[in-house]
Amino acid sequence: STYKLAVFNHDHTIIPGESSAKMSIPYSFAVATLSGKADIEEFSNDKIKDPIISSLTKKVKVFSNDKFTELFPDKSIALVEINTKDGKSYQNKVDFPKGEPENPLTDVELEEKFRSLANYAGKQKKEIQKIIEIVWNIDTRLNNLYRFL
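Report on the accompanying structure.

Criteria and thresholds
- Residues numbered from 1 in each chain as written.
- Predicted model: local features only at pLDDT ≥ 70, side-chain atom pairs only at ≥ 80, totals over all residues.
- Heavy atoms only, no water.
- Helix = DSSP H or I, 4+ residues; strand = E, 2+ residues; numbered from the N terminus.
- Rg over C-alpha atoms; globule rule 2.2 N^0.38 Å.
- Buried < 20%, exposed > 50% of the residue type's maximum accessible area, 1.4 Å probe, protein only.
- Contact = heavy atoms within 4.5 Å.
- Areas by Shrake-Rupley, 256 points an atom, 1.4 Å probe, with all protein chains shown as cover.
- Lys, Arg positive; Asp, Glu negative; His and termini not counted.
- Charge placed at Lys NZ, Arg CZ, Asp CG, Glu CD.
- Patch = residues over 30% accessible without salt bridge, like charges linked within 9 Å, V, L, I, M, F, W, Y side chains within 5 Å.
- Salt bridge = Lys/Arg side-chain N within 4 Å of Asp/Glu carboxyl O.

1. Things to note about the overall build of the protein
Item 1. Looking only at helices and strands, the protein features nine helices and two strands.
Item 2. Seen in sequence order, the protein has helices and strands lined up from the N terminus as α-α-α-α-α-α-β-β-α-α-α.
Item 3. Its C-alpha atoms give the protein a radius of gyration of 18 Å, more than 25% over the compact-globule value 15 Å for 149 residues.
Item 4. Along the first, second and third principal axes, the C-alpha set of the protein runs to 55 × 35 × 30 Å.
Item 5. Of all 149 residues assigned to the protein, the portion counted as buried reaches 21%.
Item 6. Within the protein, counting contacts between residues at least 6 apart in sequence, those at least 24 apart form 39% of the total.
Item 7. Total accessible area on the protein stands at roughly 10600 Å², and carbon and sulfur atoms take up 55% of it.
Item 8. With 22 positive and 22 negative side-chain charges, the protein shows a spacing of 5 Å between the two charge centroids.

2. Details of a nonpolar patch on the surface
Item 1. Among the surface-exposed residues, Val135, Ile138, Leu142, Tyr146 and Leu149 lie close enough to one another that they form a single nonpolar patch of about 500 Å² accessible area.
Item 2. Checked against the element boundaries, leucine 142 lands in helix 9 (residues 138-145).

Okay, structure coming up:
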């Protein structure tokens, strides 16, 4: 469950393509749960067609929570509850999604995200590493960055 605006048009479980996958909370949850990440590669057509991901996507239900809606936009709360076949229930709540100023990415997470996106854009591993090194030292190496643009 989460705030109302997040649920609106983002609760679909039929995923016809990449754009739909990127806008689906159930798909995003399923692919992240099964692969341990939600990088750009997890939204490819191959992943979308994966029957295991598709099956889990269809089991995810998204609900609006009035209390969370009242607290939005100050907080972007989401509560995940997983109910297992053997009757166990697990819950976790976050007030701010990863990447928000209140819950920032670590330097390692930021680099991993950049690597994933740069690789998707066609950059080579060596080139990606050089860009990262330049950016971490931008105050003295800005001129070196231009050749990678």
